[in-house]
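# Survey of secondary and tertiary structure
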Amino acid sequence: MFAHNKRLQYTVRVNEPNPGLANLMLEQFGGPQGELAAAMRYFTQAVSEDDPGRKDMLFDIATEELSHLEVIGHIVAMLNKGAKGELAEAVDSEADLYKKIQGAGNDSHVTQVLYGGGPALVNSAGVPWTSAYIDTIGEPTADLRSNIAAEARAKIVYERLIALTDDPGVKEALGFLMTREIAHQKSFEKALYAITPNFPPGKMPGDPRFANTYFNMSQGPGEVRGPWNQGENWDFVTDRDKQIAVDGGSGEAEVKLPAKDVDILRQMAERTMSDPGSDPQTGAELGMGNQTLADGRTVSPGVKPSPGSPPLH
């Protein structure tokens, strides 16, 4: 059950309308790193979570993300207020109004014309929100890591949005939202480490033959060694031959088939066999017409002159 409080979690103070900035803010409203995506990710995880502590945490953070969606939505609406009225009442000439919503690199025509200046569930490029943004897999040790990464990405987007505006009120509200991403990331990380063991994700252990092997597949200038591929915990494999058929098999794809399927496949292979010795004339060659070579010889389509042959006409 949800109960709405009409007061925002953080006060929104917008110094002046700015439709272009409003359009950029939609990235955190209906974008992949935005507040709706976060709320839906954590809410759906909470519903299926069996651990009471994680369930409570996920519901708390999911609900807070909805409050952040409300904050961002109000910022978008306030930044669009002036243009919304001008467009609705057509107070300017067509040319002046068009210039306001489209000129000087302003992409706000998406929100202005299609949505009347309101916060639409699209990203800053006008792409509609989709549940495909939600990457929950249903395994806490995997989902918590995904949540940590999601909060980190959202923080980076907020940093970039803060850098785009000199409006002190907008900066302040965005700074609050950015800071809450840090707090949520901390909660998710604490919850992850409260699960012992939590790596590798899931129940099944990895094959010990390959779990600590680093295959040096990209070789040449620019190779760097570090804790990700060196030390006593890593078997660093450079030899190309040792990177092939590491299971000890042939390295070929094999399948066991019933005898009747083998006969049918052999019949098909014989029917579709290519003749490597053939050189058929093609439609592309016919369309090319006669060509003059550098030595002055003229070549007709589909005819290849032998070295030292006299000019063809």
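The structure reproduced in this document is the subject of the present report.

Cut-offs used in this document
- Residues numbered from 1 in each chain as written.
- Predicted model: local features only at pLDDT ≥ 70, side-chain atom pairs only at ≥ 80, totals over all residues.
- Heavy atoms only, no water.
- Core = buried A, V, L, I, M, F, W, Y, C linked by side-chain atoms within 4.5 Å.
- Buried < 20%, exposed > 50% of the residue type's maximum accessible area, 1.4 Å probe, protein only.
- Helix = DSSP H or I, 4+ residues; strand = E, 2+ residues; numbered from the N terminus.
- Contact = heavy atoms within 4.5 Å.
- Lys, Arg positive; Asp, Glu negative; His and termini not counted.
- Salt bridge = Lys/Arg side-chain N within 4 Å of Asp/Glu carboxyl O.
- Phe/Tyr/Trp six-rings, centres within 6.5 Å; stacked < 30°, edge-to-face > 60°.
- Patch = residues over 30% accessible without salt bridge, like charges linked within 9 Å, V, L, I, M, F, W, Y side chains within 5 Å.
- Areas by Shrake-Rupley, 256 points an atom, 1.4 Å probe, with all protein chains shown as cover.

One finds Met 25, Ile 72, Ile 75, Leu 79, Tyr 158, Leu 174 and Leu 177 to be the most contacted residues of the largest nonpolar core, which totals 25 residues. Broken down by secondary-structure element, the contributors of at least two residues to this core are α1 (19–25), α4 (52–79), α8 (140–162) and α9 (168–193). The residues touching Met 25, leaving out its near neighbours within four places in the chain, are Ile 72, Ile 75, Val 76, Leu 79, Leu 161, Val 170 and Leu 174. Residues Tyr 42, Ile 61, Ala 150 and Ile 195 belong to the second largest nonpolar core, which totals 14 residues.

Time to look at the side chain of Glu 35. Note that Glu 35 resides in helix α3 (residues 35–48). Notably, Glu 35 is buried but unbridged: the nearest opposite-charge side chain belongs to Arg 41, and the N-O separation is 8.9 Å. Those residues within four positions of Glu 35 in sequence are excluded, and the remaining contacts are Gln 28, Glu 65, His 68, Leu 69, Ile 72, Tyr 158 and Glu 181.

Turning to unusual backbone geometry, a few remarks are in order. Glycine aside, negative phi is the norm for most residues, and most peptide bonds take the trans geometry. The peptide bond linking Thr 196 to Pro 197 adopts the cis configuration, its omega dihedral lying at -5 degrees. Tracing the sequence through the fold places Pro 197 in the loop between α9 and β1 (213–215). You will see that Ala 245, though not glycine, has its phi angle at about 50 degrees, which is positive. Within the secondary structure, Ala 245 is located in the loop between β2 (235–237) and α10 (259–271).

Glancing now at the packing of aromatic side chains. Two descriptors summarise a pair of aromatic rings, namely the distance from one centre to the other and the angle between the planes of the rings. Within the structure shown, the criterion is met by 7 aromatic pairs. With centroids separated by 5.7 Å and ring planes inclined at 65 degrees, the aromatic side chains of Phe 43 and Phe 59 adopt a geometry described as edge-to-face. With a gap of 16 residues between them, Phe 43 in helix α3 and Phe 59 in helix α4 connect regions that are remote in the sequence. For Phe 43, a relative accessible area of 28% gives the class partly exposed. By relative accessible area, Phe 59 is classed as partly exposed at 29%.

Judged by side-chain polarity, Val 255, Leu 257, Leu 265 and Met 268 come together as a nonpolar surface patch covering roughly 360 Å² of accessible area. You can see Met 268 is positioned in helix α10.

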